[in-house]
10 protein chains.
Amino acid sequence: MSEIFRDILDVFDNSYPERDYEIKIFCPEFTSVCPKTGQPDYGTITIQYIPDKKCIELKSLKLYLQRFRNEGIFYENVTNRILDDLVACLEPKWMQIEADFTPRGGISTNVTVEYYAESEEDDEAPISLSENS
Amino acid sequence: MSEIFRDILDVFDNSYPERDYEIKIFCPEFTSVCPKTGQPDYGTITIQYIPDKKCIELKSLKLYLQRFRNEGIFYENVTNRILDDLVACLEPKWMQIEADFTPRGGISTNVTVEYYAESEEDDEAPISLSENS
Amino acid sequence: MSEIFRDILDVFDNSYPERDYEIKIFCPEFTSVCPKTGQPDYGTITIQYIPDKKCIELKSLKLYLQRFRNEGIFYENVTNRILDDLVACLEPKWMQIEADFTPRGGISTNVTVEYYAESEEDDEAPISLSENS
Amino acid sequence: MSEIFRDILDVFDNSYPERDYEIKIFCPEFTSVCPKTGQPDYGTITIQYIPDKKCIELKSLKLYLQRFRNEGIFYENVTNRILDDLVACLEPKWMQIEADFTPRGGISTNVTVEYYAESEEDDEAPISLSENS
Amino acid sequence: MSEIFRDILDVFDNSYPERDYEIKIFCPEFTSVCPKTGQPDYGTITIQYIPDKKCIELKSLKLYLQRFRNEGIFYENVTNRILDDLVACLEPKWMQIEADFTPRGGISTNVTVEYYAESEEDDEAPISLSENS
Amino acid sequence: MSEIFRDILDVFDNSYPERDYEIKIFCPEFTSVCPKTGQPDYGTITIQYIPDKKCIELKSLKLYLQRFRNEGIFYENVTNRILDDLVACLEPKWMQIEADFTPRGGISTNVTVEYYAESEEDDEAPISLSENS
Amino acid sequence: MSEIFRDILDVFDNSYPERDYEIKIFCPEFTSVCPKTGQPDYGTITIQYIPDKKCIELKSLKLYLQRFRNEGIFYENVTNRILDDLVACLEPKWMQIEADFTPRGGISTNVTVEYYAESEEDDEAPISLSENS
Amino acid sequence: MSEIFRDILDVFDNSYPERDYEIKIFCPEFTSVCPKTGQPDYGTITIQYIPDKKCIELKSLKLYLQRFRNEGIFYENVTNRILDDLVACLEPKWMQIEADFTPRGGISTNVTVEYYAESEEDDEAPISLSENS
Amino acid sequence: MSEIFRDILDVFDNSYPERDYEIKIFCPEFTSVCPKTGQPDYGTITIQYIPDKKCIELKSLKLYLQRFRNEGIFYENVTNRILDDLVACLEPKWMQIEADFTPRGGISTNVTVEYYAESEEDDEAPISLSENS
Amino acid sequence: MSEIFRDILDVFDNSYPERDYEIKIFCPEFTSVCPKTGQPDYGTITIQYIPDKKCIELKSLKLYLQRFRNEGIFYENVTNRILDDLVACLEPKWMQIEADFTPRGGISTNVTVEYYAESEEDDEAPISLSENS
């Protein structure tokens, strides 16, 4: 099933592949459906990555995320699946997906998943970008 | 007594056990009773964990936390007990419980407790998730 | 049933009965139970009034509100009932109760009820206090 | 078409019909579809009303609003239509619907529609509730 | 000159002309040029109106506001001119334009202009919409 | 007793007595003692007035408010007493005292008291200052 | 002395004299000197006015306010004097000056002064601009 | 003198001494007196510690802090003295005291003091609690 | 093309070249044009650097950034290009550019790029400035 | 020239020289003059240090900072000069000065400078104070 979703993702060439830099994308209008209750879920998806050869095209990302609109899927799985789809398309040096869902029954949930390209894992790549918060 | 509370907790299989990722759950509607004065206490419980084979089912977590509604228990003990109960059920790689109580007599209290699975303790597991605040 | 709740309310003499002034009390730790689902509800009760001969004693108000802790009652009814109970005890010149409940199913509710003493209703009493927000 | 949507709305008897009071309901998880572009729209619907004989049942309101999820409809029309549907079901003394949509092309839009029952229109009903912001 | 700008504005029929309701549009990405210094100015334009027979089409509004991008014009004049252009196209019952510019030399400026249709001026039309802030 | 407190208050001549204008003073460091429990209370006193012939000297106001530091006095009474003392010294055209106390037992209280000079009461003086919030 | 300050103020013609509209100017970088202690005071000056034939030129306003930098003057007097100077130069239909000073000894002060042109005073001019906060 | 203050501090047994966890206590209602001017000082005391065998009893902590109410003491000294008193009573594994005072003369001050038990100092104890801000 | 833009950048001598210190510059009024749609983009550019022999002159920086006003350029490229231009002119010890763009289609994007002078790269230079957020 | 400014700085003995602790001082009312334009600059100076034998006396610090009121000096230089002056007087173990200036031409600037006593530099002194934000 995942294959069907990800084929809408479009990429463009990274013009600065020799330099490690970070792209952070906020998608506060994410919605899917709870597979148990059939009720809609709402959340913010935050995507961060260090591109290698490819960058994500934003309009295709918007259409990709809209494909979950009527899809029944759990919080944990949707977060992991977005990571898998984006990693497959972009082959980034590092990527993190954070999904922050609105409260249900007085409880709200946040799931954070991360990926390191193999050669990066040894070098602790994200640390080469100092925090400037 | 703790056994009675924790048996309501329900789990489901982690679909991505080979990948370390973090789940963070905010429960701002926690209430228990002060064992000395009999007065109600109010607080926010924040649960963070890296799942191993199991994830917590959220509805059962809601019902579990509601069991403290009329229970007389100190701040420090309720925080440690929630950690013990959740670790017993989930056997996570890492877990942290933070309990943030509302002011009494102009003073407010926050208790933070943490657990590492034994094999994880050597590897400084949570650090494998870089901070993205 | 309401009679049983209100008899815990205690009052003291207003030392400045000849002057119209306003007392505003915030109670952010209110909880009751949904009569349909049996699940706890949480909210903030805001009480505003212009006292006549009596003022509410705050500790008795706290104990009165705690009596709803395990009571099954709808949002609209709890707000009206608190107004009825406090008006019966205080006989104020004017009173307003606002109840602001936390979200359920992505929807949150706020109920506002007001009372004017008969002689006040003609004089538009609350307007004698100019807004200083 | 509107008839089909509104028949899911459920009401219950107002227990305090002799007293004018205000109910305010926040629905921050509204979504519909732009009829021109087919792209999803997101917004917060705020419903305020003074009930006469009937109050809206919240779960049915949630299901009613979800029916717009895949419906193509303009901002101005969705706001007026929700007012028409709720007025038809509740016959309130006064009602106001505010719809606050997220930005598109750097521009965000808010639509506010209001209804007065005929006998109310002369009495300036909402003014009988003094502002306590 | 103004004629040239306003001819890009597009309208659509108001589906609820018999009902007075308010439309509020936030445009935080406005920019023009200071006619004295040639330096760019930045501000937020907030448009509020009660439509009569016509509503503004948002995409044409976006393109209309972009026409000021390289136009040298003073704060006071740009605000009045946007009002004149929109009133000419929409013939609304009431309209207000607020322009809020970013600081220059430690001083920031806000200009608010308003229009009433002649028949409306007597009836104090905007007051028929009660404030729900 | 009140006489003893108020004699520390110092005034200076209003240089613009022919013009109605408003002075607003925030005192967030107020503290007194609860006469029942002996425990300290903390709050913010906000003083607003339209001066007639005299203005309050701020250093003397600070020393006056410090006299309540170890004084046992109820919320309602301290607010009324500050009004009485300042009116006696300043003979203002209008004055309002708002006292906003920190929470005790999960409940916080705000008391607002107002004074009009007799000749002012007919003219609704504060309304001559339009709200600019 | 005031004459010397005000002669730096520069005006330009109001291009829309037939229309009542409001200009609001924030000057958060005001500083003067306390005439008693010689210590610097800091505050925000907010100027609001409805122009008649003239508008204030902003650069000259900035230079005018800077003239108070080393001037010893009380809070109440500086606010009234800025009003007098601006009214003398602009002859506006309505003007309000608010001065909001930073805390001294735990106490902060705000002074608000207002002017109506004589013909305006009867018509309650500022009310013709409906509040859109 | 310090001995006299600290003898009011009460402790209770830590029920989880084998586990390192953190207790954070906010005391926003601290007040003492400046030894030079005799004027009251106001601040927030934040206490963080990892308990060993004992935890602080909160009511005794409140009474202990109130003993500074009329005590003349400098910012730096009060912070160090609270640390010394609490370390003497609790013998914690780690403790930090932060005192955040309100502005005087436009300047506000914050003092942070820390203690490590000797055996802890080598192990960098606080780092065993990962940051979850 | 880049050469043409950067030649407007002006520098001045760093008076403290022997000391590593950080300069942070916020430019919230950046605008360029999307090369695909021709629509304007808006964002905040944050520049941080540790100067070596030269510092950036701020007025020239403002004029440099204005050159992008009508330039069609992608988010990722504009961020990298500003870094390249500033590094070429300043030859800093370390520099970071963060570009934070406003939402388009419900998605907002942030790009962060960093540069280390070669000799610095070994020493982890930015870490010599401890974080004081 | 710098010598003339710093001689007003007064110190007192650190009562706890054997313990490393941090003092943080916020001075939001700093103003100097731009040496190029003659226009006033405004900013917040934040001073952090670990005292050795001496602490800064706050009133003398206030008077020292006021000496820049009519001094023409660049952002970068004023920050470095305050560090030099305070290090010369206090000989602290560690000190950091952050100067945060208000926007000019839509651009705002922040300069951060740091000092380590020589013996401290090896020990990474500030790290001995764990972050408690």
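Residues numbered from 1 in each chain as written. Chains lettered and ligands numbered in written order. Predicted model: local features only at pLDDT ≥ 70, side-chain atom pairs only at ≥ 80, totals over all residues. Heavy atoms only, no water.

**Student:** How do you make sense of the overall build of chain A when you look at a structure like this?
**Tutor:** Helix and strand counts for chain A stand at four helices and six strands. Sequence-ordered secondary structure for chain A, helices as α and strands as β, is α-β-β-β-β-α-α-β-β-α. Burial status across chain A gives 59% buried among its 133 residues. In chain A, 68% of the contacts between residues at least 6 apart in sequence involve partners at least 24 apart. (Helix = DSSP H or I, 4+ residues; strand = E, 2+ residues; numbered from the N terminus. Buried < 20%, exposed > 50% of the residue type's maximum accessible area, 1.4 Å probe, protein only. Contact = heavy atoms within 4.5 Å.)

**Student:** Got a minute to help me understand the packing of aromatic side chains in this structure?
**Tutor:** Each aromatic ring pair is summarised here by two numbers: the centre-to-centre distance and the angle between the ring planes. Taken as a whole and judged by the stated rule, the model has 50 aromatic pairs over all chains. Seen in terms of ring centroids, E:Tyr75 and E:Phe101 are 4.1 Å apart; in terms of plane orientation they differ by 10°. Their pairing is stacked. Of this pair, E:Tyr75 sits in helix α3 (residues 75-90) while E:Phe101 sits in strand β5 (residues 94-101); the two residues are 26 residues apart in sequence, bridging distant segments of the chain. The side chain of B:Arg81 reaches across the aromatic face of B:Phe5, ending 4.2 Å from its centre. (Phe/Tyr/Trp six-rings, centres within 6.5 Å; stacked < 30°, edge-to-face > 60°. Lys NZ or Arg CZ within 6 Å of the ring centre and 35° of its normal.)

**Student:** What is the right way to look at the relation of the copies chain B and chain H in this model?
**Tutor:** Both copies of the chain are related by one operation, a rotation about an axis with a shift along it. Placing chain B over chain H gives an RMSD of 0.0 Å and needs a rotation angle of 72°, together with 0.0 Å of translation along the axis. On this basis, the relationship between the two copies can be described by a five-fold rotation axis. (Least-squares fit on C-alpha atoms with pLDDT ≥ 70 in both.)

**Student:** Sorry, what's going on with the interface of chain B and chain H here?
**Tutor:** It is common to give the size of an interface as the accessible area lost on bringing the parts into contact. Opposite the 25 residues of chain B that make contact, chain H presents 22 residues. Summed over both sides, the interface of chain B with chain H buries roughly 2,000 Å², with 47% coming from carbon and sulfur. Inspection of the region where chain B meets chain H yields two salt bridges. For B:Lys36, the salt bridge is made with H:Glu57, and the minimal N-O distance between the two is 3.1 Å. At the junction of chain B with chain H, the criterion picks out seven residue pairs in polar contact (both at pLDDT 80 or more). The leading source of residues in the side of chain B that touches chain H is strand β6 (residues 108-116) of chain B, at eight residues. When grouped by side-chain class, the residues that make up the side of chain B that touches chain H number eight nonpolar, ten polar and seven charged. Note: β6(B) against strand β2 (residues 22-33) of chain H, five bridges, orientation antiparallel. (Buried area = accessible area lost by both parts, 1.4 Å probe. Salt bridge = Lys/Arg side-chain N within 4 Å of Asp/Glu carboxyl O. Polar contact = N/O pair within 3.5 Å; in protein donor to acceptor, adjacent residues only side chain to side chain. Nonpolar A, V, L, I, M, F, W, Y, C, P; charged D, E, K, R; others polar. Pairing = 2+ DSSP bridges.)

**Student:** Can you walk me through helix α3 (residues 75-90) of chain G in this structure?
**Tutor:** An α-helix turns once every 3.6 residues. As a result, residues three or four positions apart point the same way. Residue and element names in this part refer to chain G. In a regular helix each residue adds 1.5 Å, so 16 residues correspond to 22 Å; α3 covers 23 Å between its end C-alpha atoms and thus fits that length. With 13 of 16 residues buried, α3 is to be regarded as a mostly interior element. Just beyond α3, the residue with positive phi is Glu91, at close to 45°. (Expected span 1.5 Å × (residues − 1).)

**Student:** Looking at this structure, how should I read the environment of J:Lys62?
**Tutor:** With respect to the helices, strands and loops of the structure, J:Lys62 is situated in helix α2 (residues 58-66). Distance from J:Lys62 to J:Lys93, taken between C-alpha atoms, is 22 Å for residues 31 residues apart in sequence. Not counting chain neighbours up to four residues away, the residues in contact with J:Lys62 comprise G:Gln39, H:Gly105 and H:Ile107.

**Student:** Would you explain the pairing of strand β3 (residues 40-50) of chain C in this entry?
**Tutor:** Note on strand geometry: in a regular strand, side chains alternate between the two faces of the sheet. Residues and elements named next belong to chain C. A large share of β3 lies buried, amounting to ten of its eleven residues. Of the pairings in the sheet, the one linking strand β2 (residues 22-33) to β3 comprises nine bridges and is antiparallel in character. Bridge pairing in β3 links Thr31 to Tyr42. Here β3 pairs with strand β5 (residues 94-101) via eight bridges, running antiparallel. Bridging across to β5, Thr46 finds its partner in Glu98.

**Student:** Sorry if this is basic, but what is going on with the confidence of the model for chain A here?
**Tutor:** When pLDDT is low, close inspection of the predicted coordinates is not appropriate. All names here are of chain A. Of all residues in chain A, 86% attain a pLDDT of 70 or more, and the chain-wide mean is 89. Confidence over residues 120-133 falls short of pLDDT 50; this stretch has 21 contacts with residues more than four positions distant or in other chains. For this predicted complex, the interface confidence comes out at an ipTM of 0.88, alongside a pTM of 0.91. (pLDDT = per-residue confidence, 0-100.)

**Student:** Help me understand the environment of C:Ser15 in this model?
**Tutor:** With respect to the helices, strands and loops of the structure, C:Ser15 is situated in the loop between β1 (11-13) and β2. On the accessibility criterion, C:Ser15 (46% relative accessible area) is partly exposed. Separated by eleven residues in sequence, C:Ser15 and C:Phe26 place their C-alpha atoms 22 Å apart. Of note is the side chain of C:Ser15, whose polar atom sits 3.4 Å from the side chain of F:Asn77.

**Student:** How should the state of the cysteines be read in this particular structure?
**Tutor:** Disulfides are covalent bonds that connect the sulfur atoms of two cysteines. Residues and elements named next belong to chain G. Under the definition given, this model contains zero disulfides over all chains. Looking at Cys27, it has no disulfide partner, and the nearest cysteine sulfur is the one in Cys89, 15 Å off. With relative accessibility at 3%, the residue Cys27 sits in the buried group. (Disulfide = S-S within 2.5 Å.)

**Student:** Explanation requested: the environment of I:Val33 in the structure shown.
**Tutor:** Along the chain, the position of I:Val33 falls in strand β2 (residues 22-33). A relative accessible area of 14% places I:Val33 in the buried class. Sequence-distant contacts of I:Val33, that is, excluding residues within four places in its chain, are made with E:Arg69, I:Gly38, I:Gln39, I:Pro40, I:Asp41, I:Phe68, I:Arg69, I:Asn70, I:Glu71, I:Gly72 and I:Ile73.

**Student:** Just to check I follow, could you spell out the packing of helix α2 (residues 58-66) of chain C against helix α3 (residues 75-90) of chain C for this structure?
**Tutor:** What describes two packed helices is the angle between their axes and the distance between those same axes. Residues and elements named next belong to chain C. At their nearest, the axes of α2 and α3 sit 12 Å apart, and the two run at 145° to each other. Crossing of α2 against α3: the hand is right-handed. On α3, the residues touching Leu61, Tyr64 and Leu65 of α2 are Arg81, Ile82, Asp85 and Leu86. For the contact of α2 with α3, the per-class residue count stands at five nonpolar, no polar and two charged. (Axes fitted to C-alpha atoms, helices over the stretch in contact; angles between N-to-C directions. Left-handed = near helix turned anticlockwise from the far one by under 90°.)

**Student:** Looking at this structure, how should I read the pattern of salt bridges?
**Tutor:** Side chains bearing opposite charge may pair, as long as their charged atoms lie close to each other. The tally for this structure, following the rule as stated, stands at 89 salt bridges over all chains. Of the charged contacts in the structure, one is a salt bridge between I:Asp84 and A:Arg19, with a shortest N-O distance of 2.6 Å. On the criterion of chain membership, the pair formed by I:Asp84 in helix α3 (residues 75-90) and A:Arg19 in the loop between β1 (11-13) and β2 (22-33) is interchain, its members lying in two chains. D:Asp7 is the partner of D:Arg67 in a salt bridge, and the nearest nitrogen-oxygen pair spans 3.2 Å. You can see D:Arg67 sitting in the loop between α2 (58-66) and α3 (75-90) and its partner D:Asp7 sitting in the loop between α1 (2-6) and β1 (11-13), a full 60 residues away along the chain. Judged by its relative accessible area of 56%, D:Asp7 falls in the exposed class. The network of salt bridges with shared partners includes A:Glu29, D:Asp41 and D:Arg104.

**Student:** For this particular structure, what's the right way to read unusual backbone geometry?
**Tutor:** The phi torsion of most residues other than glycine is negative, and most of the peptide bonds are trans. Backbone geometry at A:Glu91 places phi at a positive 45°, although glycine is not the residue there. Position of A:Glu91 relative to the elements: it lies in the loop between α3 (75-90) and β5 (94-101).

**Student:** What should I look at first to understand helix α2 (residues 58-66) of chain A in this one?
**Tutor:** Every buried residue belonging to α2(A) is among A:Ser60, A:Leu61, A:Lys62, A:Tyr64 and A:Leu65, and all of these are buried. Near the N-terminus of α2(A), the side chain that reaches the backbone nitrogen of A:Lys59, with its oxygen 3.2 Å away, is that of A:Glu57.

**Student:** When you look at the pairing of strand β2 (residues 22-33) of chain B in this model, what are you seeing that I'm missing?
**Tutor:** For β2(B), the buried fraction is high: ten of the twelve residues fall into the buried class. Where β2(B) hands over to strand β3 (residues 40-50) of chain B, the hairpin turn is made up of six residues, of which B:Gly38 adopts a positive phi near 75°.

**Student:** Even after reading the chapter, I still don't get the side chain of C:Lys93, so can you show me in this structure?
**Tutor:** All names here are of chain C. By the secondary structure assignment, Lys93 is in the loop between α3 and β5. Judged by relative accessible area, Lys93 falls into the buried class, the value being 13%. Here the side chain of Lys93 touches Asp20 through a polar contact of 2.6 Å, side chain to side chain.

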